[in-house]
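# Analysis of the macromolecular model
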Amino acid sequence: DAKTTQPPSMDCAEGRAANLPCNHSTISGNEYVYWYRQIHSQGPQYIIHGLKNNETNEMASLIITEDRKSSTLILPHATLRDTAVYYCIVSSSNTGKLIFGQGTTLQVKP
Amino acid sequence: DTEVTQTPKHLVMGMTNKKSLKCEQHMGHRAMYWYKQKAKKPPELMFVYSYEKLSINESVPSRFSPECPNSSLLNLHLHALQPEDSALYLCASSHLGLANTGELFFGEGSRLTVL
């Protein structure tokens, strides 16, 4: 499975968009990009995933570059409850293996 | 019901004890997972079960013994653990073929302390 690189921490003002980058330059053609987050003392929570097209759901948008070597998770209007560790994971759906990297700690500030 | 339930929430055990962690889901998922998470570290995959059969073992020491008695239950049997095994143990479940939903449903975890 391809490795991912994320900044260790980011700040965002409440109400503004939070843009979380992820590099995955060794991604293979059959590997998806998954985003999860973990709020303190809770289990990880699924946010969104995609293969090559941009994706949007009620929580976030996922923008994947055309060469698929990087992606950005966008939380359009961050709230204090979005403070969490955000994990970008690259994996083949066939293996069932989601290997978490170090993640980005997002701090949303009032 | 979209919950994964883990029991107990907290467990303290000695190095000679035998204990078990339990995980239950009623979402009809046929894939179940155990992860281990140390403080301030990401979750580490331990085991994956598909259709009640062990499909992935990430070179986990034999003092951890998983069991999947049926499609709704997943156990982790613990024996002769070391203090460094103290961690949060997370259970998750999903439909097979993550491409369709991409979603693992995680429980809140069982916090284990080995004395």
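Described below are features of the structure shown in this document. Quick caveat, the model's predicted, so the values are computed rather than measured.

What counts, and at which threshold
Residues numbered from 1 in each chain as written. Chains lettered and ligands numbered in written order. Predicted model: local features only at pLDDT ≥ 70, side-chain atom pairs only at ≥ 80, totals over all residues. Heavy atoms only, no water. Disulfide = S-S within 2.5 Å. Helix = DSSP H or I, 4+ residues; strand = E, 2+ residues; numbered from the N terminus. Buried < 20%, exposed > 50% of the residue type's maximum accessible area, 1.4 Å probe, protein only. Pairing = 2+ DSSP bridges. Axes fitted to C-alpha atoms, helices over the stretch in contact; angles between N-to-C directions.

## Quick word on the state of the cysteines
All names here are of chain B.
- All told, the structure shown has two disulfides over all chains when counted by the stated rule.
- Residue pairing for Cys-23: its cysteine sulfur links by disulfide to Cys-91, the two sulfurs lying 1.8 Å apart. The chirality of the disulfide connecting Cys-23 with Cys-91 is left-handed, given an S-S dihedral of about -70°. Within this pair, whereas Cys-23 is found in strand 3 (residues 18-25), its partner Cys-91 is found in strand 9 (residues 87-94), the two being separated by 68 residues in sequence.
- Cys-91 supplies the cysteine sulfur nearest to Cys-68, a cysteine that is in no disulfide, at a spacing of 9.1 Å.
- Taking relative accessible area as the criterion, Cys-68 reaches 12% and is therefore assigned buried.

## Observations concerning the sheet that holds strand 7 (residues 64-70) of chain B
All names here are of chain B.
- A sheet is described by the order of its strands in space; here four strands give the open sequence 1-3-8-7, paired in antiparallel fashion. In the strand order of this sheet, the two ends are held by strand 1 (4-7) and strand 7, each with one partner. Strand-to-strand twist in this sheet, taken as the mean axis angle between neighbours without regard to direction, amounts to 20°.
- Here four bridges tie strand 1 to strand 3, and the two strands are oriented antiparallel to one another. Counterpart to Gln-6 in the pairing with strand 3 is Cys-23.

## Describing the pairing of strand 11 (residues 110-114) of chain B
Residues and elements named next belong to chain B.
- Only one face of strand 11 is covered, namely the one carrying Ser-110, Leu-112 and Val-114; the face carrying Arg-111 and Thr-113 has none of its residues buried.
- One ladder, built from four bridges, connects strand 2 (residues 10-13) with strand 11; its direction is parallel. When the bridges of strand 11 are listed, Met-13 appears paired with Val-114.
- Here three bridges tie strand 9 to strand 11, and the two strands are oriented antiparallel to one another. When the sheet's bridge partners are listed, Leu-88 is paired in strand 11 with Arg-111.

## Here's the deal with unusual backbone geometry
All names here are of chain B.
- In this structure, Pro-8 follows Thr-7 across a cis peptide bond, with omega equal to -10°.
- With respect to the element layout, Pro-8 can be found in the loop between strand 1 and strand 2.
- With phi around 60°, Lys-40 is a residue other than glycine that occupies positive phi space.
- Here Lys-40 is to be found in the loop between strand 4 (31-37) and strand 5 (44-50).
- Its identity as a non-glycine residue notwithstanding, Ala-80 has a phi of 55°, on the positive side.
- Its location among the elements puts Ala-80 in the loop between strand 8 (73-79) and strand 9.
- Look at Ala-80 and you get partly exposed, because its relative accessible area is 30%.

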